[in-house]
Amino acid sequence: MAARQMLQPLLSSARLKHVARSHLFLHPKAGLRRNQLWKETMQSDVLVFDFQDGCPPGMRSTVAKGLGQAHITYPNMKLSVRVTELERDETHENGSTILDELAVSMKQKQVYWIMLPMCDSVDDVKEYINMINYIDPSWLTQHGGLQIICETPLGLKNLQDMLGTHKEIKGVIVGGGDYFRFAQGENNLLLPQLRWDILNACLCHQILDESHQTLCELERRLIERKLEFDCNANEGMYSHLSENLKNYKRMTVERVGSLIDQSTLIESKSIESVPEDTHYQYCSLLNLDAPLHHVEEPTVPSTLHLSHHALHGFKNLSFKNITFHAPMKSSVEYEVTTYLINKSVVDEEEDSTWYLSVLRDSEGKIFSSVLFQATSE
């Protein structure tokens, strides 16, 4: 089961940054010897040994044996290990199921990531970290990192808190199958929205390196298919669900100005948009057609455009409107201002705080606006 899962070329751990365009989940017996698909297996960027859903009952020892000899079967390959979820952990005289899985994983030097399933809260991630530190306190600081799978509605709700609290998390994987089983929703209808929510959480919490290269991972389909918020960026579209496109209302420049007049400025800062090489790299990885963004002067895609807004200092974000008023260009100075909207302006009766983030150029032209509800840190 292969999944292409990334928006950027480098998945980091404490020790390295690695090109991670594809993950291949191995059958429990695949690690025991070089089989007829070995050559194809070696073409994947990351191999995943699976103690969880991909491990039938009674085969945990087989996965462990394969991990122990992975340096022979798959020499020099970068490995990740998906361990058992917390609620299925079973204790025994010398420890627990997850402790056993972590011990054998961390002993294999080619393992750079531990993949955590069903993480619903900061405490869930902390429990895994405590077990890792119990085995080797230096592993997360000198060698490896964590990948979490967002696959429950509660996990999505708490995702920003998890990313903000635990910097050991180096990637987030969309677990659409389990998510929609819990949510009892339609996968084909709401999956793009789930992808966007997870991507946005990563952008809000600055899971970026100094070159604005996102460390967020998504499923293969996000790379292979353009999403509607990219295709309609210049028209100000934000809704990802086709049947809602016609109902989406743009935030006009006049409306933005009216809100600003009735709001309080709380932050203003200068930024520089992402450089051209990052832009081209991003478009290439997402398989975006050149005419979509590459004109005489390349236009920054809407997801990267949004990452320039100062949203990482807020929690529990609920977006009410995102409008792209004009195409952003690469390596240009912009100003991002954030406003606290007076309660008298908002028609909603909800007891929450409203904010407006506006991105302008040096001449005051508005390029994008984000209207949202949130709590500040």
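This part is about the overall build of the protein. If you tally the helices and strands in the protein, you get 16 helices and 16 strands. Counting only residues that meet the buried cut, the protein has 55% of its 377 residues in that class.

Another point: unusual backbone geometry. Even without being glycine, N76 reaches a positive phi, approximately 70 degrees. Looking at the element boundaries, N76 is found in the loop between α3 (70–73) and β6 (78–82). For N76, a relative accessible area of 67% translates into the label exposed. Although it is not a glycine, S331 adopts a positive phi angle of roughly 55 degrees. Examined against the element boundaries, S331 turns out to sit in the loop between β13 (314–324) and β14 (333–341).

The next thing to look at is the packing of helix α2 (residues 60–68) against helix α4 (residues 97–107). Between α2 and α4, the least distance of the axes is 9 Å, while the angle of their chain directions is 20 degrees. The angle between the axes of α2 and α4 places the two elements in the roughly parallel class. Note that α2 runs across α4; the crossing there is left-handed. For the pair α2 and α4, the contacting residues are R60, A64 and L67 in the first and T97, E101, V104 and S105 in the second. Across the contact of α2 with α4, the residue classes break down as 3 nonpolar, 2 polar and 2 charged.

In this structure the tally under the stated criterion is 3 salt bridges. Of the charged contacts, one joins E101 and R60 as a salt bridge, the two residues approaching to 2.7 Å between their closest N and O atoms. A residue pair is termed long-range when its members are at least 10 positions apart, and E101 in helix α4 and R60 in helix α2 qualify at 41 residues. On the basis of relative accessible area, E101 is assigned to the buried category, the value being 1%. The partner of R88 in a salt bridge is E85, and the shortest N-O contact between them spans 3.5 Å.

Before going further, it helps to examine the nonpolar core. Core analysis: the biggest nonpolar cluster contains 49 residues, and F49, I114, L116, L159 and V172 have the highest contact counts within it. Residues contacting I114, with those up to four places away along its chain left out, are V81, V83, L102, S105, I132, W139, G145, L146 and Q147.

Mapped onto the elements of the fold, T353 is located in strand β15 (residues 353–360). Residue T353 is classed as partly exposed on the basis of its relative accessible area, which comes to 28%. Along the primary structure T353 and A374 are separated by 21 residues, whereas in three dimensions their C-alpha atoms are 6.0 Å apart. Residues contacting T353, with those up to four places away along its chain left out, are L340, F372, Q373 and A374.

Bringing the side chain of Q147 into the picture now. Looking at the element boundaries, Q147 is found in strand β10 (residues 145–150). A distance of 2.7 Å separates polar atoms of two side chains, one belonging to Q147 and the other to S80.

Attention shifts here to the confidence of the model for the protein. Confidence along the protein averages 78 in pLDDT terms, with 77% of residues attaining 70 or more. Counting interchain partners and residues more than four positions distant, the pLDDT-below-50 stretch residues 1–9 has 45 contacts. Below a pLDDT of 50 lies the segment residues 289–294, which in the model reaches 14 contacts outside its immediate sequence neighbourhood of four places, other chains included.

Another aspect to go through is the packing of aromatic side chains. On inspection of all chains with the given rule, the structure shows 5 aromatic pairs. With a centroid separation of 5.2 Å and an interplanar angle of 80 degrees, the aromatic rings of F314 and F372 are classed as edge-to-face. Here F314 is found in strand β13, whereas its partner F372 is found in strand β16 (residues 366–376), with 58 residues between them in sequence. Like F314, the residue F372 is buried in the burial classification. Aromatic pair Y355 and F372: ring centres 5.5 Å apart, planes at 20 degrees, arrangement stacked. Here Y355, found in strand β15, pairs with F372, found in strand β16; they are 17 residues apart in sequence, far enough to count as distant.

If you trace the backbone, H143 turns up in the loop between α6 (139–142) and β10. For the pair H143 and S13, spaced 130 residues apart in the sequence, the C-alpha separation amounts to 6.5 Å. A polar side-chain atom of H143 sits 2.9 Å from the main-chain carbonyl oxygen of V111.

Our next topic: the side chain of D124. Along the chain, D124 falls in helix α5 (residues 122–135). Buried within the structure, D124 lacks any salt-bridge partner; its nearest side chain of opposite charge belongs to K126, at an N-O separation of 13 Å. Not counting residues up to four positions away in its chain, the partners in contact with D124 are L86, M118 and C119.

Considered for burial, the residues of helix α9 (residues 176–183) that qualify are G176, D178, Y179 and F180. Of the residues trailing α9, Q184 is marked for its positive phi of about 55 degrees.

With that settled, the discussion passes to the pairing of strand β9 (residues 111–116). Look at any regular strand and the pattern is simple: side chains alternate between the two faces of the sheet. When you tally the buried positions in β9, you get 6 out of 6 residues, the bulk of the element. The pairing of β6 with β9 spans 4 bridges and is parallel. By the bridge assignment, L79 is partnered in β9 with V111. Examined bridge by bridge, β9 and β10 share 4 bridges and lie parallel to one another. Note on β10: the bridge partner recorded for M115 is Q147.

Definitions and cut-offs
Residues numbered from 1 in each chain as written. Predicted model: local features only at pLDDT ≥ 70, side-chain atom pairs only at ≥ 80, totals over all residues. Heavy atoms only, no water. Helix = DSSP H or I, 4+ residues; strand = E, 2+ residues; numbered from the N terminus. Buried < 20%, exposed > 50% of the residue type's maximum accessible area, 1.4 Å probe, protein only. Axes fitted to C-alpha atoms, helices over the stretch in contact; angles between N-to-C directions. Parallel < 35°, antiparallel > 145°, perpendicular 65-115°, else oblique. Left-handed = near helix turned anticlockwise from the far one by under 90°. Contact = heavy atoms within 4.5 Å. Nonpolar A, V, L, I, M, F, W, Y, C, P; charged D, E, K, R; others polar. Salt bridge = Lys/Arg side-chain N within 4 Å of Asp/Glu carboxyl O. Core = buried A, V, L, I, M, F, W, Y, C linked by side-chain atoms within 4.5 Å. Polar contact = N/O pair within 3.5 Å; in protein donor to acceptor, adjacent residues only side chain to side chain. pLDDT = per-residue confidence, 0-100. Phe/Tyr/Trp six-rings, centres within 6.5 Å; stacked < 30°, edge-to-face > 60°. Lys, Arg positive; Asp, Glu negative; His and termini not counted. Pairing = 2+ DSSP bridges.

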